[in-house]
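A look at the structure
Residues per chain, in single letters:
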Amino acid sequence: MPQSPTGLPFDDIRNLIPEMLGPDTAAVKVVREREAQLTKPLGSLGRMEEIVEWLAAWQGAQRPKVTRPLVAVFAGNHGVTAQGISPFPREVTHQMVANFAAGGAAINQLCIAYDLGLKVFELALELPTGDITVEDAMDEQTCAATMAYGMEAVAGGIDLLAIGEMGIGNTTIAAAIMHGLFGGEAADWVGPGTGLDAAGVAHKAKVIAKAVARNKGALKDPLEVLRRLGGREIAAMAGAILAGRLQRVPVIVDGYVATSAAAILYKMDPSALDHCLFGHVSAEPAHRRALEIMGKRPLLDLGMRLGEATGAAMAMGIVKAAAQAHDGMATFADAGVSVSE
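Report on the accompanying structure. Keep in mind the model is a prediction, meaning the values are calculated, not measured.

A short note on the packing of helix H10 (residues 232-246) against helix H11 (residues 256-268)
Each pair of packed helices can be described by the angle between their axes along with the distance between the axes. Close contact between H10 and H11 brings their axes to 8 Å; oriented N to C, the two are set at 60 degrees. As judged from the angle between their axes, H10 and H11 are oblique. For the pair H10 and H11, the sense of crossing is right-handed. Listed contacts from H11 to Ile234, Met237, Ala238, Ile241 and Leu242 of H10 are Val257, Ala258, Ser260, Ala261, Ala262 and Leu265.

Below, the structure is given as structure tokens:
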């Protein structure tokens, strides 16, 4: 990242927002012209045709392809688990990272099914972030450095990125971020996460309300919301989304926690998510609310709430199919099919 004149880490991030690339409208025009000549009624593939245009706009490619897709899963631990907001101990984050490495998780199987690359980013699991009810999650330098680390997810010539996460307690963190960014009551943003009962959800709401109230004077700055209420995996996902925009790599966002990372950038500049496709709407109740506020239409609604980028990976399979259909289909002229006058 370019060095800011002030030397403040967050200014390095802010300086990147004006550098965001816009859509390649010329590529979209070429895609639309080809789409009109393919051997099918115009518009008959519905949203798949929109997806190809989205790929063209943000890859900058007149014949968009998905040949090097990557699913990036970011794992982090949270000090707020000390408040009893999850039925699982944070050691499960370590254990699940080991399961990813061994190929035993759901995301491993989806990546096999759709022929997707998978990379897991382990973010200092032995050093949980601060308990947000009593202290900031991160200092500015740590938060900015973690965003920069997340930007590495687009390295290596990938052409489509899906982001997701693993971290016990991170639906609490996501809800705190959403409450801090979008207001309302804490209860508006809270759900069962990994399986809380009604009493557990009510307790979780109280924890979130306390954390957000403690930071009441700093909520106008999205990056301050991130460092005070967020987590390392969320900061890294925000960095990955921003890097995708800067390097013409379209991004598919997973569920509620990944969307909280996207929401940080949205509050900095609503156009910062134009290159993002939201892969699914989670069964975590507040996810739909957040997507509606940001004006985003998810691709899938399958009742999923696992995380691990599983919803994004399912969507990535559809995006791959859309690109292949557009690129591989014959035109009416190629196939010698008559066109109505």
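On we go from here.
Regarding the sheet that holds strand S1 (residues 69-75)
Read across the open sheet, the five strands follow the order S2-S1-S3-S4-S5; overall the sheet is parallel. Either end of the sheet is taken by a strand with one partner, and the two such strands are strand S2 (117-122) and strand S5 (276-278). Averaged over all pairs of adjacent strands, the angle between their axes in this sheet comes to 25 degrees, without regard to strand direction. Against the sheet, helix H4 (residues 91-102) contacts S1, S2 and strand S3 (160-166), and its axis sits at roughly 140 degrees relative to S3. Contacting S1, S3, strand S4 (251-253) and S5, helix H13 (residues 310-328) runs over the sheet at an angle of about 170 degrees to S3.

Quick word on the nonpolar core
Grouped together as the largest cluster of nonpolar side chains are 74 residues, with contacts concentrated most on Phe74, Leu161, Ile163, Ile241 and Leu273. Non-local contacts of Ile241, meaning those with residues more than four positions away in its chain, are made with Ile163, Val251, Val253, Ala261, Ala262, Leu265, Leu273, His275 and Cys276. Judged by nonpolar contacts, the second largest core, of 40 residues, contains Val31, Val92, Met96 and Val319.

Details of the environment of Phe332
Position of Phe332 relative to the elements: it lies in helix H14 (residues 332-335). Accessibility expressed as a relative area gives 15% for Phe332, which makes it buried. Those residues in contact with Phe332 that sit more than four places away from it in its chain are Ala36, Gln37, Leu38, Thr39, Lys40, Val337 and Val339.

Regarding the side chain of Thr146
Looking at where Thr146 falls in the secondary structure, it is placed in helix H6 (residues 140-150). Setting aside residues up to four positions removed in sequence, Thr146 forms contacts with Leu123, Arg232, Ala235 and Ala236.

Some points on H13
Here H13 spans 27 Å end to end across 19 residues, near enough to the 27 Å set by a 1.5 Å rise per residue. Among the residues of H13, those classed as buried are Thr310, Gly311, Ala312, Ala313, Ala315, Met316, Gly317, Val319, Ala322, Ala323, His326 and Asp327.

Examining the pattern of salt bridges
The full count for this structure, using the stated rule, is 15 salt bridges. Put simply, Glu53 and Arg32 hold a salt bridge, and the shortest N to O gap is 3.1 Å. Placement of Glu53 in helix H3 (residues 47-59) and of Arg32 in helix H2 (residues 25-35) is noted, with a sequence separation of 21 residues between them. What makes Glu53 partly exposed here is its relative accessible area of 23%. Measuring nitrogen to oxygen at the nearest pair gives 2.9 Å for the salt bridge that ties Arg227 to Asp136. Here Arg227 is found in helix H9 (residues 222-229), whereas its partner Asp136 is found in the loop between S2 and H6, with 91 residues between them in sequence. Of the residues examined, Arg227 reaches a relative accessible area of 12% and is grouped as buried. Judged by relative accessible area, which is 24%, Asp136 ranks as partly exposed.

Quick word on unusual backbone geometry
The backbone phi angle of Asp115 is positive, close to 55 degrees, even though this residue is not glycine. Following the sequence through the fold, Asp115 ends up in the loop between helix H5 (106-114) and S2.

What about the packing of H11 against helix H12 (residues 286-294)?
Orientation of H11 relative to H12, taken along the N-to-C sense of each, is 25 degrees, at an axis distance of 10 Å. Relative to H12, the element H11 is oriented roughly parallel. Crossing of H11 against H12: the hand is left-handed. In this structure, H11 uses Tyr256, Thr259, Ala263 and Tyr266 to contact H12, whose residues at the interface are Ala286, His287, Ala290, Leu291, Ile293 and Met294. Split by residue class, the contact of H11 with H12 holds eight nonpolar, two polar and no charged.

What about the environment of Leu223?
Here Leu223 lies in helix H9. Judged by its relative accessible area of 0%, Leu223 is buried. In this structure the C-alpha to C-alpha distance between Leu223 and Ala235, which are 12 residues apart in sequence, comes to 9.2 Å. Apart from the residues lying within four places of it in its own chain, the contact partners of Leu223 are Phe10, Ile13, Arg14, Met147, Ile264 and Met268.

Focus on the pairing of S1
For S1, the tally of buried residues reaches seven of seven residues, placing the bulk of the element in the interior. Of the pairings in the sheet, the one linking S1 to S3 comprises seven bridges and is parallel in character. Looking at the pairing, Phe74 lines up with Glu165 of S3. In this structure, S1 lies alongside S2, joined through six bridges in parallel fashion. Paired with Ala72 across the bridge in S2 is Lys119.

The rules behind each value
Position numbers for residues start from 1 in each chain and track the written sequence from start to end. Local features in a predicted model are, by the rule used here, given only for residues with pLDDT of at least 70; side-chain atom pairs are given and counted only at 80 or more, and totals for whole chains, interfaces and linings are based on all residues. Hydrogens and water are ignored here; the side-chain numbers use all heavy atoms of the structure. Fitted lines through C-alpha atoms serve as axes, helices being fitted only where they are in contact, and the angles separating the N-to-C directions of these axes extend from 0 to 180 degrees. By the criteria applied, helices consist of DSSP H or I runs no shorter than four residues and strands consist of E runs no shorter than two, each listed in order from the N terminus. Any angle between 65 and 115 degrees counts as roughly perpendicular, while under 35 counts as roughly parallel, over 145 as roughly antiparallel, and the rest as oblique. A clockwise turn of the near helix away from the far one marks a right-handed crossing, whereas an anticlockwise turn of less than a right angle marks a left-handed crossing. What makes two residues a contact is simply this: any of their non-hydrogen atoms within 4.5 Å. Here the rule is simple: two strands pair whenever DSSP picks up at least two bridges between them. As used in this record, nonpolar core signifies buried Ala, Val, Leu, Ile, Met, Phe, Trp, Tyr and Cys residues forming a set joined through side-chain atoms within 4.5 Å. Relative accessibility decides the category of a residue: with a 1.4 Å probe and only protein chains considered, values under 20% of the type maximum give buried, values over 50% give exposed, and everything between is partly exposed. Each helix should span, by expectation, one fewer than its residue count multiplied by 1.5 Å. Salt bridges are defined as contacts in which a side-chain nitrogen from Lys or Arg sits within 4 Å of a carboxyl oxygen from Asp or Glu. Gly is placed with the polar residues, together with every amino acid not listed as nonpolar (Ala, Val, Leu, Ile, Met, Phe, Trp, Tyr, Cys and Pro) or charged (Asp, Glu, Lys and Arg).

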